[in-house]
Structure formats: structure tokens, C-alpha cells
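Geometric and topological summary
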Amino acid sequence: MLSKNIVDKLALVETPVYLYDIGLLRETLDSVCTAAMKYGYKIHYAIKANFDEKILSIIHEYPVGIDCASGGEIKKAIEAGFDPKTIVYAGVGKKDKELKYAIEKNLLAINCESIQELEVIDALAGEMARKVDVCLRLNPDIDPRTNHCIDTGQADSKFGISFEELQDKADWIKSLENINVIGMHIHIGSQIRELHVFENMCRKANSIYQWLIGHGFFIRMVDVGGGLGVNYDMPENEPIPNFASLFSIVHNHLEVGDAEVHFEFGRSIVAQCGELITRVLFNKTTATGRRLLIVDASMTELIRPALYGSYHNIENISAPDDAPNVKYTIVGTACESTDVFGENFTLARSQRGDLLTIKSAGAYGMSMASQYNLHPLPGAIYNE
Ligand code: LLP
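What you see is a predicted model, and the numbers here were worked out from it, not measured in a lab.

When you go through the chain residue by residue, the secondary structure sums to 11 helices and 17 strands. In summary, the chain has a C-alpha radius of gyration of 22 Å against a globular reference of 21 Å for 384 residues, a match within 12%. With the C-alpha coordinates of the chain rotated into their principal frame, the extents come out at 70 × 40 × 40 Å. Every one of the 384 residues in the chain was classed for burial, and the buried ones make up 55%. Here the chain contributes 36 positive and 51 negative side-chain charges, whose respective centroids are spaced 3 Å apart.

What follows is the structure in C-alpha cells.
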């Protein structure tokens with residue numbers, strides 16, 4: 001629930017605009033860092049979720065490293081002050097230029113996703129007279145029971161090296177002169193709400209770990225990725241995800257000796273801290289009787305509903321408390337029929353000029369924004 005002060009302030013700003021709750025971000029970071037400390041777990045923030053500079057500067061105050069998916073993300077993280085030795089770098093399609101940059105920066109680990117990538121890194125590192133620390137990203141073949149658009153660890157997925165291929169190529173990997181395999185990496189998907197899925201992940205990780213050490217690899221870090229989901233339906237009920245439960249599951253099920261355990265959280269750190277504020281432009285009713293509420297945001301600021309059919313809770317923050325509820329289809333300004341924020345959505349009666357908040361938009365909101373239709377990128381306001 002936004003305070004009257006903020007709503008009054010928002011009335012004067014250009015919309016659409018992202019509003020970030022810095023207090024909640026800090027509480028979330030406190031929560032994840034305190035829970036992780038109990039087991040000595042290492043946390044990386046998946047910068048792809050939101051690379052806003054103010055947000056990065058706050059994350060940098062905590063004992064958190066960064067998980068990157070491109071050379072651009074590595075550069076952003078380093079510019080934000082993160083030590084390269086706290087940065088891990090995954091991605092199925094790393095370009096040579098990005099790999100050279102990562103090698104030069106001497107990251108904690110490049111998480112390699114294919115045999116050919118290992119071969120290329122070995123060659124590039126040789127040319128640069130460097131020895132590179134890598135983790136092998138393995139595909140554990142697990143159904144994370146999430147939206148199929150964001151699962152990443154099933155056998156058919158493009159991510160990671162299959163266990164079969166690992167078995168086949170293990171000796172060759174060990175023979176690479178410019179590569180030092182320091183660990184293994186698994187990331188099974190995102191927005192995982194059924195935590196028992198992580199038990200399966202741990203069991204798979206255990207057997208892969210056992211196999212690797214049985215075959216002469218020295219695994220000093222096990223990176224189990226991110227994926228912890230958030231409550232999009234009722235964000236107020238769960239503003240901070242339950243990191244302690246996930247860590248307790250991993251503690252009880254992951255058996256990797258003295259290896260350091262790393263996590264890469266994106267959504268769970270920033271999703272609930274951000275909301276997209278938009279203004280109602282028009283009301284109109286289709287010939288079929290559908291009541292449309294046309295707002296000044298669109299898929300260009302928040303693509304998740306159009307791209308994945310994702311649900312975000314929406315509230316009218318201008319309507320009086322006693323306004324009656326009405327069912328609307330809330331649509332954006334883009335020239336795309338899928339540009340819909342909510343279908344048949346119950347909202348306080350809304351009119352031109354009212355402000356709506358689209359909640360839980362701090363992760364994969366601004367970072368996926370585009371300039372389609374030549375929309376300018378939205379600004380940000382920080383509620384400290
Ligand atoms: N590690 C790796 C290797 C990843 O690919 C991802 C996310 C993460 C960590 C962070 O996952 P998280 O903790 O945020 O679940 N755009 C989609 C989500 C794509 C996730 C991509 N990878 C969405 O809006 O739902």
C-alpha cells in the first residue's frame with residue numbers, strides 16, 4: 001500500500017515510471033544475507049533481473065557477488081564496483097569478444113555450457129597466456145514446475161552440458177591446458193514456487209558431484225543457480241521471499257563435501273521492490289462488450305504479461321476508498337494485440353488521469369524494456 005505522500009508525488013511525474021522501494025530492497029538483502037551466513041553460502045545477484053545503477057549501488061553494500069549473462073553485464077557489474085572475483089558468467093552463446101573480456105577480467109568463474117565452448121575458451125586463453133577458472137554448467141534434466149518459457153534444466157533445453165556428454169568428454173576436459181575446472185553449475189529455471197523441486201535438484205547435483213570427484217575433478221564450488229519464486233498474486237502477503245526455507249532444503253539435501261555453495265538470485269531479490277506506475281488514458285468498450293482500460297504503459301516497459309502470459313497484481317491508487325469495483329481488460333499503448341496487462345481484472349472504477357500500479361515489476365521489467373514504437377525508456381523514482 002503506497003503512502004498518500006508518494007501518491008501525491010507520483011501525481012506530478014511523467015508516466016509510465018518505475019517506482020522502487022529502497023527500504024524493502026535493503027530488508028530483502030538483509031534477509032538473504034543473514035540466512036546465507038548461517039550455512040556459509042555465497043550469494044550472487046543475477047544482474048539481468050535489473051541493472052538500475054541505484055539498485056546496483058545498494059546491492060554492492062552487501063556481501064553479494066554478481067551473476068552475468070553477457071559481456072555488457074560484466075562491464076556494468078565492474079563499473080558498479082563489484083570485484084571480478086565475485087562474478088560468475090553463464091550463457092549458452094558467449095561471443096569470442098565477450099569471452100576474451102571475461103578472461104582478461106579474471107572472473108571467479110566462467111560457467112561453460114558446451115564442449116565446444118570449453119574448446120574455444122582453452123584456445124583463447126592460450127593466445128592470451130592465461131589459465132581460466134571455469135565451472136561446468138550441467139543440464140540436470142529436472143522439471144522445475146514453472147512456466148515452460150522460463151525452465152532451463154530439462155534434457156531438451158539449450159542450457160548446459162548433458163551428463164552423457166560429460167561422461168564421454170571428461171578425460172578430454174581434464175587435458176585442456178588453459179582451463180582449470182573449479183566447480184559445477186546448475187540452474188533449473190525461474191519463478192519456482194514448489195520448493196520440493198530444489199530437493200530433486202540437490203539429489204541430481206549430489207550424483208553429478210560424486211561422479212566428478214570420482215573421475216579426478218577437484219570441485220571446490222557448487223553453484224546451484226537461482227530460481228526462487230515470488231508471490232505475484234498477493235505481493236503484500238510475501239514481500240520478502242522465503243530464503244531461509246530454500247537454504248534449509250539445500251542444507252538438508254545437498255552433499256558436496258567442503259565445496260562452497262553458491263546461489264544466483266535475480267527475481268527474489270528485486271521483484272517485489274519495484275512497481276510500474278501508469279496513467280489511465282481512455283475507457284472504451286468493444287462491440288463485444290469488453291470494457292477496456294487503456295493505460296500509458298505498454299509491453300515496451302513491462303513485457304512479461306505479453307511474452308509469458310505472466311500475472312501482475314494491479315491497483316488503482318487514485319480512486320477513492322469507496323469506489324465500486326469494475327472488471328476491466330487493461331491494455332497498453334503498443335501496436336500489438338498481446339499488449340494486455342490484465343484480462344477481466346477487478347479494479348476500483350477507473351477514469352482518465354487515474355494512476356495504476358502494476359506490482360512486483362522490479363525484476364525483468366526495466367531490464368527487458370524496449371523502444372518499440374519509439375517509446376522512450378521509462379524513468380525511475382526511488383522511495384527511500
Ligand atoms: N542464473 C542463471 C544462469 C539464469 O539464467 C538466471 C535467470 C538466474 C540465475 C536468475 O534466476 P532468478 O533467480 O531470477 O529466477 N525474463 C524471465 C526470467 C528469465 C530468467 C533467466 N535466467 C521473467 O520475466 O520471468
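It is worth spelling out the site of the ligand at this point. Around the ligand, 19 residues are found, and the nearest of them are Ser190, Glu264, Arg304, Tyr308 and Tyr364. Interatomic distance of 3.0 Å between a side-chain N/O atom of lysine 48 and an oxygen atom of the ligand. In this structure, arginine 267 approaches the ligand through a side-chain N or O atom, which is 2.8 Å from an oxygen atom. Summarising the interface, the protein chains cover 92% of the accessible area of the ligand, which totals 590 Å² for the free molecule.

What follows covers the pairing of strand β11 (residues 274-285). Across 4 bridges, strand β1 (residues 17-21) lies against β11 in antiparallel orientation. Looking at the pairing, valine 17 lines up with isoleucine 277 of β11. Of the pairings in the sheet, the one linking β11 to strand β16 (residues 355-358) comprises 4 bridges and is antiparallel in character. If you follow isoleucine 277 over to β16, its bridge partner there is threonine 357. Linking two consecutive strands that pair antiparallel, namely β11 and strand β12 (residues 291-295), is a turn of 5 residues; a positive phi of about 95° is found at glycine 289 within it.

The N-to-C vectors of helix α4 (residues 71-79) and helix α5 (residues 96-105) enclose an angle of 30°; their axes lie 9 Å apart at closest approach. The pairing of α4 with α5 is recorded here as roughly parallel in orientation. Mapping the contact onto sequence places Gly71, Ile74, Lys75 and Ile78 in α4 and Glu98, Tyr101, Ala102 and Lys105 in α5. Grouping the constituent residues of the contact of α4 with α5 by class yields 4 nonpolar, 1 polar and 3 charged.

What follows concerns the environment of valine 120. Turning to its location among the elements, valine 120 is positioned in helix α6 (residues 115-127). Sequence-wise, valine 120 and cysteine 68 are 52 residues apart; in three dimensions their C-alpha atoms are separated by 19 Å. Valine 120 has contacts with Asp96 and Leu99, leaving out every residue within four places of it along the chain.

Turning next to the packing of aromatic side chains. Summed over all chains, the structure comprises 11 aromatic pairs. In textbook terms, an aromatic cluster arises when at least three aromatic residues are bridged by ring pairs, as seen for Tyr39, Tyr41, Phe243, Phe247, Phe263 and Phe265. Across from the ring centre of tyrosine 89, 5.3 Å away, lies the NZ or CZ of lysine 94, which sits over that ring.

Conventions used here
Residues numbered from 1 in each chain as written. Predicted model: local features only at pLDDT ≥ 70, side-chain atom pairs only at ≥ 80, totals over all residues. Heavy atoms only, no water. Helix = DSSP H or I, 4+ residues; strand = E, 2+ residues; numbered from the N terminus. Rg over C-alpha atoms; globule rule 2.2 N^0.38 Å. Buried < 20%, exposed > 50% of the residue type's maximum accessible area, 1.4 Å probe, protein only. Lys, Arg positive; Asp, Glu negative; His and termini not counted. Charge placed at Lys NZ, Arg CZ, Asp CG, Glu CD. Near = heavy atom within 4 Å. Polar contact = N/O pair within 3.5 Å; in protein donor to acceptor, adjacent residues only side chain to side chain. Areas by Shrake-Rupley, 256 points an atom, 1.4 Å probe, with all protein chains shown as cover. Pairing = 2+ DSSP bridges. Axes fitted to C-alpha atoms, helices over the stretch in contact; angles between N-to-C directions. Parallel < 35°, antiparallel > 145°, perpendicular 65-115°, else oblique. Contact = heavy atoms within 4.5 Å. Nonpolar A, V, L, I, M, F, W, Y, C, P; charged D, E, K, R; others polar. Phe/Tyr/Trp six-rings, centres within 6.5 Å; stacked < 30°, edge-to-face > 60°. Lys NZ or Arg CZ within 6 Å of the ring centre and 35° of its normal.

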